[in-house]
Amino acid sequence: AQTVTQSQPEMSVQEAETVTLSCTYDTSENNYYLFWYKQPPSRQMILVIRQEAYKQQNATENRFSVNFQKAAKSFSLKISDSQLGDTAMYFCALHNAGGTSYGKLTFGQGTILTVHP
Amino acid sequence: EAEVAQSPRYKITEKSQAVAFWCDPISGHATLYWYRQILGQGPELLVQFQDESVVDDSQLPKDRFSAERLKGVDSTLKIQPAELGDSAMYLCASSKDRRIYEQYFGPGTRLTVT
């Protein structure tokens, strides 16, 4: 079975500052993908950033970047220059590309991020 | 930009009644997913379709839940009878294929069972 754990139920940050959200995971597969999804209040879930497990280089998408530590099974999200529109619930998710969980997306419990003006 | 459509957006039903949700995935997407998201938690997969076939329904409570995707396009999720514990957000997502990892989510249906 695969698991995803987000240990920070809530985080807050001042506008323009940097914040890091934590995520750890467990899987027996070697081929998998990791994601951060954003779910704004009363709005649909959208993909923020993705990381292929076979790539050593950390993914970056504008103000969003990840710190992928494969051996430690850690996958944190860094948001730079935080904006009010970043306020949302953030979910870390794991997608297995093989094995019995092929095609299944497993989510963490989520972290509520509030950006203050 | 193509989006996943879901209806209704909100549904209030009484315990023991039947309820159904509808999802229309992005055109051309072969894989369709139904998730249940309890307030304050992450989504949990209920059922996954590849075209019209179910490929994973291991977490679907089959005594009361059913799902179909008859023509491999839109899909319906049904609960009969609804129970208080079914109150949740029901999310539909689609992707081009199971191998294509990016899933696109719909706005969800918020179900309240009274």
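The following refers to the structure shown. (Residues numbered from 1 in each chain as written. Chains lettered and ligands numbered in written order. Predicted model: local features only at pLDDT ≥ 70, side-chain atom pairs only at ≥ 80, totals over all residues. Heavy atoms only, no water.)

1. Looking at unusual backbone geometry
As a reminder of what qualifies: A run of DSSP states H or I qualifies as a helix once it reaches four residues; a run of E qualifies as a strand once it reaches two. Both are numbered from the N-terminal end. Each residue is placed in one exposure class: buried if its accessible area under a 1.4 Å probe, protein chains only, is under 20% of its type's maximum, exposed if it is over 50%, and partly exposed if it falls in between.
Residue Pro8 of chain B is bonded to the preceding Ser7 of chain B through a cis peptide linkage, with omega at -10°. With respect to the helices and strands, Pro8 of chain B occurs in the loop between strand 1 (5-7) and strand 2 (10-13). In the segment running from Gln80 of chain B into Pro81 of chain B, the intervening peptide bond is cis, with an omega of -5°. With respect to the helices and strands, the residue Pro81 of chain B is situated in the loop between strand 8 (75-79) and strand 9 (88-95). Phi is positive for Asp81 of chain A, close to 50°, though the residue is something other than glycine. One can find Asp81 of chain A in the loop between strand 9 (74-79) and strand 10 (88-96). Residue Asp81 of chain A is classed as partly exposed on the basis of its relative accessible area of 39%.

2. What about the interface of chain A and chain B?
The condition that has to hold: In what follows, residue pairs with any heavy atoms lying within 4.5 Å of each other are defined as contacts. Buried area is a sum: the accessible area each of two parts loses on coming together, probed at 1.4 Å, counted once for each and added. Polar contact is defined as a pair of N or O atoms within 3.5 Å, subject to the rule that within protein one atom must be able to donate a hydrogen and the other to accept it, and that residues adjacent in sequence are counted only when both atoms are side-chain atoms. Following the grouping adopted for this structure description, the nonpolar residues are Ala, Val, Leu, Ile, Met, Phe, Trp, Tyr, Cys and Pro, the charged ones are Asp, Glu, Lys and Arg, and the polar ones are all others, Gly among them.
Contacts between the two partners involve 20 residues from chain A and, on the opposite side, 20 residues from chain B. Buried area between chain A and chain B, summed over both chains or domains, comes out near 1800 Å², and the portion from carbon and sulfur atoms is 52%. At the junction of chain A and chain B, the tally comes to four residue pairs in polar contact (both at pLDDT 80 or more). Sort the elements by how many residues they give to the side of chain A that touches chain B and strand 5 (residues 32-39) of chain A lands first, with four residues. Its residues placed into classes, the side of chain A that touches chain B shows ten nonpolar, seven polar and three charged.

3. What about the pairing of strand 5 of chain A?
Residues and elements named next belong to chain A. How we decide: Strand pairing is assigned whenever DSSP detects at least two bridges linking the two strands.
Summarising burial for strand 5: eight of the eight residues are buried, a large majority. Examined bridge by bridge, strand 5 and strand 10 share eight bridges and lie antiparallel to one another. Across the sheet, the residue bridging to Phe35 is Ala93, located in strand 10. Alignment of strand 5 against strand 6 (residues 46-52), held across six bridges, turns out to be antiparallel. Within the sheet, the bridge partner assigned to Tyr33 lies in strand 6 and is Glu52. The loop that links strand 5 with its antiparallel partner strand 6 comprises six residues; one of these, Ser42, has a positive phi angle of about 60°.

4. Observations regarding the packing of aromatic side chains
As a reminder, the rule being used: The aromatic pairing rule takes the rings of Phe, Tyr and Trp, using the six-membered ring of Trp, and pairs them if the centres are within 6.5 Å, calling planes under 30 degrees apart stacked, those over 60 edge-to-face and the rest tilted.
Under the definition given, this model contains twelve aromatic pairs over all chains. Relative to Phe105 of chain B, the ring of Phe107 of chain A has its centre 6.1 Å away and its plane inclined at 75°; by these criteria the two rings are edge-to-face. Within this pair, whereas Phe107 of chain A is found in strand 11 (residues 105-107), its partner Phe105 of chain B is found in strand 10 (residues 104-105), the two belonging to separate chains. Accessibility classification places Phe107 of chain A together with Phe105 of chain B in one group, the buried group. Every member of this aromatic cluster is reached through a ring pair, and the members are Phe35, Tyr37, Phe91 and Phe107 of chain A together with Tyr33, Tyr35 and Phe105 of chain B.

5. A few points about empty space enclosed by the protein
Residue and element names in this part refer to chain B. Stated formally: The way it works is a 1 Å grid over only the protein atoms, where trapped points that fit a 1.4 Å probe form a cavity and open points with protein on both sides within 12 Å along at least five of seven lines form a pocket, and then any residue with an atom within 4 Å of a point lines it. Grid points are joined across faces, edges and corners, and a volume is the space filled by probe spheres set on the points.
Scanning the model with the defined rule gives one cavity of 30 Å³ or more in all. A volume near 30 Å³ is recorded for the largest cavity. What lines the largest cavity is simply Arg36, Gln37, Ile38, Gln41, Gly42 and Glu44. Residues that form the lining of the largest cavity fall into these classes: one nonpolar, three polar and two charged.

6. So, the sheet that holds strand 7 (residues 65-68) of chain B
Residue and element names in this part refer to chain B. Operational definition: For helices, the fitted axis covers only the stretch in contact; all axes are lines through C-alpha atoms, and the angles between them, taken along N-to-C directions, range from 0 to 180 degrees.
In space, the four strands of this open sheet follow the order 1-3-8-7, with antiparallel pairing throughout. Of all strands in the sheet, those with a lone pairing partner are strand 1 and strand 7, marking the two edges. The sheet shows a mean angle of 15° between the axes of neighbouring strands, direction not considered. In terms of strand pairing, strand 1 meets strand 3 (residues 19-24) through three bridges, oriented antiparallel. For Ala5, the partnering residue across the bridge sits in strand 3 and is Asp24.

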